[in-house]
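# Fold and geometry: a report
Next come the chains, spelled out residue by residue.
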Amino acid sequence: MITTSSRRAMLAGLGGLGATSLAGCVTQGGTASGLIAPSRPAFVVPPLAPLRMSVDRITKITVCLRPFRAAGPRLDVEQVAGKRVVHNYGHGGSGWSLSWGSSTIAAGKALEGGTKEVAVIGCGALGLTSALLLQRAGAKVTIYAKERTPQTRSFRATGTWSPDSRVADADKAAPGFPALWEEMARASYAAYQTLLGLPGEPVSWSDRYTLLGGGAGGPRGPRPAGSVHFAEYGERLHDIVPGFQDLPAGSHPFPVERVRHGTSMQFNVSDLAHMLTNDFLAEGGRIVAMTFDTPADLARLSEPVVVNCTGYGARALWKDETITPVRGQIAWLAAQPEVHYGVYYKHVSVLPRPDGIVVQYVGDSDMWGYGIDVERPDRAEAENAVTTIASLYERA
Ligand SMILES: Cc1cc2nc3c(=O)[nH]c(=O)nc-3n(C[C@H](O)[C@H](O)[C@H](O)COP(=O)(O)OP(=O)(O)OC[C@H]3O[C@@H](n4cnc5c(N)ncnc54)[C@H](O)[C@@H]3O)c2cc1C
């Protein structure tokens, strides 16, 4: 519970209360050589509008299954039903983040041999980016898919830059996978930089506050015995992705021992998915509703090359049991345009998006939801998550 004046400042939207003292902390450190090292400018917490967390503000609960593959996403090529099939699925909790990079690799493979007509199966993050990249490289592209925006699983994602979230098992991925991941992540990151500042804000930056210590709980706990060793490659991008730093005590309005602050990219999935779909159609692409029951059904297509972006659907279609579902659920609250920051507290993450406030219990390790393929919403989980965050804003 917030019991201090800083808490009241937060409730009053005066999160900058501590800013004066924080600003006063700017120092220049001397180095062993006697040179003055450049100091990081102090971050001044801006006024933080309170999140209006109450269960009666839940507008919907959505559930999605992350398509986790221990080896990492599948990107190989095979010949099936007379077609050259390039796979592009199995991105775990990183599909939006890695989409442009992964699809650049898949599109390159699809165009080897000079084909000019390509079928893309799937209309989620990977299908849309593959289709756009192929089309912009000069191919005639048709997307065939059972679902399109807003019915895809991609549409139900949180929408944060999370390129190594459940993307592989560090002990099972091939030795070259970390470098491949970095190539995909850097290409995606660069592509998303070009989508910032557009009308509708398909991609934007937001401040994030990670609340730790005491009752806030620690960061995600240690890896439980026998659990998957989820790969963590974030450090490979340290030169382009802003880091998180501890805020000095008293410089923030949160009622916890320790707060880390960072700035992160976010995908406003509703705008982003619609923009990608509209761009693809406006640039001459076609989307055809079609369901494939077995790989042999690909024979129905006229295109000689197929990019397979079926996500979790590849488990059934391709009988790929190396895909493990990792369930994730979001409680949506009515949007608060005045809120521009995300919070992580007691394993609940909150992200403000133009289409709603995303509230998600993420568990105390990445094993949360692992192996669970239940897409039915769990109201109690949603309400607990909302109530947890509400406690931050309660008056003493
Ligand atoms: C709760 C949650 C939060 C997430 N948050 C993030 C995040 O913040 N950032 C991030 O980067 N990632 C996030 N992810 C992961 C991301 O959502 C997935 O990695 C991504 O959606 C996978 O995209 P996809 O295009 O491969 O699959 P999908 O979106 O599932 O698309 C598959 C497409 O293939 C079609 N299809 C499937 N089978 C068939 C078939 N047999 N016949 C015809 N069509 C078929 C479908 O209809 C659909 O069009 C999150 C996932 C979950 C569950």
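We now turn to the structure provided with this report. (Residues numbered from 1 in each chain as written. Predicted model: local features only at pLDDT ≥ 70, side-chain atom pairs only at ≥ 80, totals over all residues. Heavy atoms only, no water.)

## Here we look at the nonpolar core
Counting residues in hydrophobic clusters, the biggest one holds 52 residues, and the most contacted among them are Trp 96, Leu 134, Ile 143, Tyr 192, Phe 267, Leu 272 and Val 307. At the level of secondary structure, the elements contributing two or more residues to this core comprise helix 3 (95–111), strand 4 (117–121), helix 4 (125–136), strand 5 (140–145), helix 5 (177–193), strand 8 (258–267), helix 6 (269–282) and strand 10 (305–308). Setting aside chain neighbours within four positions, we find Tyr 192 in contact with Trp 96, Ser 97, Ser 99, Trp 100, Val 203, Met 265, Phe 267 and Leu 272. (Core = buried A, V, L, I, M, F, W, Y, C linked by side-chain atoms within 4.5 Å. Buried < 20%, exposed > 50% of the residue type's maximum accessible area, 1.4 Å probe, protein only. Helix = DSSP H or I, 4+ residues; strand = E, 2+ residues; numbered from the N terminus. Contact = heavy atoms within 4.5 Å.)

## Some remarks on the sheet that holds strand 6 (residues 203–212)
Read across the sheet, eight strands follow the order 1-11-14-13-12-6-8-7 without closing on themselves; strand pairing throughout is mixed. Among the strands making up the open sheet, the edge pair consists of strand 1 (58–69) and strand 7 (245–246). In the sheet, strand 6 pairs with strand 12 (residues 341–345) via four bridges, with the strands oriented parallel. By the bridge assignment for strand 12, Tyr 209 is matched with Val 343. (Pairing = 2+ DSSP bridges.)

## So, the site of the ligand
Around the ligand sit 36 residues, and of these Gly 92, Ser 97, Glu 147, Ser 154 and Thr 160 come closest. Within the backbone of Gly 92, a nitrogen or oxygen atom sits 2.7 Å from an oxygen atom of the ligand. Contact between the ligand and Ser 154: an oxygen atom at 2.5 Å from a side-chain N or O atom of the residue. Look at the ligand: alone it shows 1,000 Å² of surface, and the protein chains cover 97% of it. Within the shell around the ligand, the residues separate by chemical class into 12 nonpolar, 20 polar and four charged. (Near = heavy atom within 4 Å. Polar contact = N/O pair within 3.5 Å; in protein donor to acceptor, adjacent residues only side chain to side chain. Areas by Shrake-Rupley, 256 points an atom, 1.4 Å probe, with all protein chains shown as cover. Nonpolar A, V, L, I, M, F, W, Y, C, P; charged D, E, K, R; others polar.)

## Describing the pairing of strand 12
The buried fraction of strand 12 is high, at five of five residues. Examined bridge by bridge, strand 12 and strand 13 (residues 348–353) share three bridges and lie antiparallel to one another. Paired with Tyr 345 across the bridge in strand 13 is Val 348. Count of turn residues in the strand 12/strand 13 antiparallel hairpin: two residues, of which Lys 346 carries a positive phi of about 50°.

## Remarks on unusual backbone geometry
In this structure, Pro 150 follows Thr 149 across a cis peptide bond, with omega equal to 5°. The residue Pro 150 is located in the loop between strand 5 and helix 5 in this model. The backbone of Lys 319 shows a phi angle near 50°, a positive value even though the residue is not glycine. Along the chain, Lys 319 turns up in the loop between helix 7 (314–317) and strand 11 (323–333). Taking relative accessible area as the criterion, Lys 319 reaches 63% and is therefore assigned exposed. Positioned with a positive phi, His 347 is a non-glycine residue whose angle comes to about 65°. The residue His 347 is located in the loop between strand 12 and strand 13 in this model. For His 347, a relative accessible area of 16% translates into the label buried.

Keep in mind these numbers describe shape, not what the thing actually does.
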